[in-house]
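Inside the fold
Here is what each chain is made of, one letter per residue.
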Amino acid sequence: PRSTLFPYTTLFRSPEQGRFGGDEQIRLVTVPSPHQEISSTHLEVRPGTGTDRGAPVVTDLGSTNGTVVAQPGVPATDLRPGVAVVLEPGATIDLGEGVTIQVIEA
């Protein structure tokens, strides 16, 4: 099944709405992590701003085991915590434990 991850989504093992303030609409998504390889606060996906407007942007939120992104035609790379990366259609985000997110063009 596909789900819409916008306008602003944070993926967690154990989400807590109280961690976030402000007026932004945040959608918290809980993902399965039987071995707790996915951090309780793992990553954020949001629409880009400025020159990235309209493109999805992913940021690792300092997860313990990291996040791997594979862009089309480019070898997979580990995200650096706190560094936003613009995603191309066809990109795959790997959180670990078999949990992946595929970026599709809407």
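Anything mentioned here points back to the structure above.
What counts and what doesn't
- Residues numbered from 1 in each chain as written.
- Predicted model: local features only at pLDDT ≥ 70, side-chain atom pairs only at ≥ 80, totals over all residues.
- Heavy atoms only, no water.
- Helix = DSSP H or I, 4+ residues; strand = E, 2+ residues; numbered from the N terminus.
- Buried < 20%, exposed > 50% of the residue type's maximum accessible area, 1.4 Å probe, protein only.
- Contact = heavy atoms within 4.5 Å.

Before going further, it helps to spend a moment on the environment of A70. With respect to the element layout, A70 can be found in strand 5 (residues 68-70). A residue is classified by how much of its surface remains accessible, and A70, at 26% relative accessible area, is partly exposed. For the pair formed by A70 and Q102, sequence separation is 32 residues and the distance between their alpha carbons is 9.7 Å. Excluding residues within four positions of it along the chain, A70 makes contact with A76, G90, A91 and T92.

It is worth spelling out the environment of V58 at this point. Along the polypeptide, V58 turns up in strand 4 (residues 56-60). Under the relative-accessibility criterion, V58 is labelled buried at 0%. Residues V58 and E44, 14 residues apart in the sequence, show an inter-C-alpha distance of 5.6 Å. The contacts of V58, once residues within four sequence positions are left out, are L43, E44, V45, V69, L79, V83, A84, V85, L87 and I93.

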